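Structure at a glance
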Amino acid sequence: MKSAIGRFILAAVLGATALAGPARAAETLILPNEVAATHWKTDYQKQFADLVNQKTGGKIDVKVFAAGQLYNEQDALAALGTGAVQMVWPVSVRVETIAPQTGILNLPFAISDKMMTNACFSSGLTQIISSYVESRGLKVLGLMRTADLFFIFSGKEVKKMEDLKGTKVRVTGGRVFLDTMKRLGISPVSMAASEMSSAMSQGAIDGVFSSPAGWAEMIGISGKYGWYVPGFQLSTYAVVVDKGWYDKLAPDLQQAVSSAIDEISKREWIEAKAADEKLIQKMKDQGAKFHVAGEAEIARWRKLAEESTTPFDKAHPDVVGKVKALEASCGVGG
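The structure reproduced in this document is the subject of the present report. (Residues numbered from 1 in each chain as written. Predicted model: local features only at pLDDT ≥ 70, side-chain atom pairs only at ≥ 80, totals over all residues. Heavy atoms only, no water.)

With that settled, the discussion passes to helix 8 (residues 212-219). Counted residue by residue, helix 8 has 6 buried out of 8 residues, so it is predominantly covered. Burial in helix 8 covers these residues: P212, A213, G214, W215, A216 and I219. Following helix 8 by one or two positions, G220 has its phi on the positive side, about 75 degrees. (Buried < 20%, exposed > 50% of the residue type's maximum accessible area, 1.4 Å probe, protein only. Helix = DSSP H or I, 4+ residues; strand = E, 2+ residues; numbered from the N terminus.)

Once that is clear, we can look at the pairing of strand 5 (residues 150-153). Successive side chains on a regular strand alternate, one facing one side of the sheet and the next facing the other. Side-chain alternation along strand 5 places F150 and I152 on one buried face and F151 and F153 on a second face that is also buried. Relative to strand 8 (residues 207-210), strand 5 is paired through 4 bridges, and the arrangement is antiparallel. Residue F151 lies in a different strand from strand 8, and its bridge partner there is F209. One ladder, built from 3 bridges, connects strand 5 with strand 9 (residues 225-228); its direction is antiparallel. Bridging across to strand 9, F151 finds its partner in W227. (Pairing = 2+ DSSP bridges.)

The next point concerns the environment of R267. Within the element layout of this structure, R267 appears in helix 10 (residues 251-285). Residue classification places R267 among the partly exposed residues on the basis of a relative accessible area of 32%. The sequence separation of R267 and Q45 amounts to 222 residues, and the corresponding C-alpha distance is 13 Å. Leaving out residues up to four positions away in the same chain, R267 has contacts with Y44 and Q47. One polar contact links R267 to Q47, side chain to side chain, over a distance of 3.0 Å. (Contact = heavy atoms within 4.5 Å. Polar contact = N/O pair within 3.5 Å; in protein donor to acceptor, adjacent residues only side chain to side chain.)

Our next topic: the side chain of N106. Note on placement: N106 falls in the loop between strand 3 (87-88) and helix 4 (113-116). Look past the residues within four positions of N106 in its chain and what remains in contact with it is S92, V93, E96, F177 and Q233.

For the structure on display, the rule yields 16 salt bridges. Between R145 and D113 there is a salt bridge whose closest N-O contact spans 2.9 Å. Note that R145 is positioned in strand 4 (residues 138-148) and D113 in helix 4, a separation of 32 residues in sequence. The same class applies to R145 as to D113, namely buried. For E307, the salt bridge identified is with R183, shortest N-O distance 3.7 Å. (Salt bridge = Lys/Arg side-chain N within 4 Å of Asp/Glu carboxyl O.)

All told, the structure shown has 16 aromatic pairs when counted by the stated rule. Among the aromatic residues, those joined into a cluster by ring pairs are F109, F151, F153, F177, F209, F232 and W301. Sitting over the face of the ring of Y237, K41 holds its NZ or CZ atom 3.9 Å from the ring centroid. (Phe/Tyr/Trp six-rings, centres within 6.5 Å; stacked < 30°, edge-to-face > 60°. Lys NZ or Arg CZ within 6 Å of the ring centre and 35° of its normal.)

So, about the packing of helix 2 (residues 40-56) against helix 10. Remark: helix 2 packs on helix 10, axes separated minimally by 9 Å, with the N-to-C direction vectors making an angle of 145 degrees. Along this stretch, helix 2 crosses helix 10, giving a crossing that reads as right-handed. Counting all contacts with helix 2, which are made through W40, Y44, Q47, F48, L51, V52, K55 and T56, the residues of helix 10 involved are L253, A256, V257, S259, A260, I261, E263, I264, R267, E268 and E271. Of the residues in the contact of helix 2 with helix 10, the class split is 11 nonpolar, 3 polar and 5 charged. (Axes fitted to C-alpha atoms, helices over the stretch in contact; angles between N-to-C directions. Left-handed = near helix turned anticlockwise from the far one by under 90°. Nonpolar A, V, L, I, M, F, W, Y, C, P; charged D, E, K, R; others polar.)

By themselves, these figures tell us nothing about what the structure is for.
Now the structure itself:
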């Protein structure tokens, strides 16, 4: 039913564009998401729309559809290439289902804020990731910061790795990440983010692996305890565009779209990190306890991560080699 409504909305949008007289020459860029209209990602997408309009003098009309009004992001990703959608910003783990090599983004300790605020590394990594999806008619124009994720529990104060054993935790992630959870003795549970709070309060799960926004805005103080291993799972959004549509644009319009993403992604990475810190402090001010792993504990997690990522490294040595070479050439490290 929702897909039918989405198709009706899309037809209405395209029809209105076609009837707009001189505006008929404008390219329409449909950009759906599944987060709320008030979510910060929607705000950045609206900023992108405004920036593209300015840079192109209205030659590209970006239409943002929030809250799954048109498509959820998984379906939107599948719709790229059909003409129904031109761009989507899914969590990067969804791109892993298209090209498993891109799963390197989702490995524990794979990237860091230091790496991703280095222009040499972030642009190089974007190109590497894009190279694995271009044969599928897609192109990655940028990577944006989602959050540095951590554990949140309602009735269990975690201070070390062993404290997680035997817990049921709501998680999202690729195969390697799920394997790491199991190595910790965690029973990973999949559920919608909207169900996290009630599942914790009812005892269906012990905790969640989520973001500062998930903690402050969806779970609240019922999740009294936070446990953070810096860099363990720094998640990203991949800015994915329909390559066929993009390649047909005039060079100046391609430049307008890509430069708008560059401008926003550089700023977004810094702003998103600062916003996370404010939300964590907000929860601490409400009485939540937030523990951060020290260097010795982080070293233990890194060792565990290395054990979990060995199968990926063996299966995809090409992308691992490229990223390591990029780290060396850009002078960054985890």
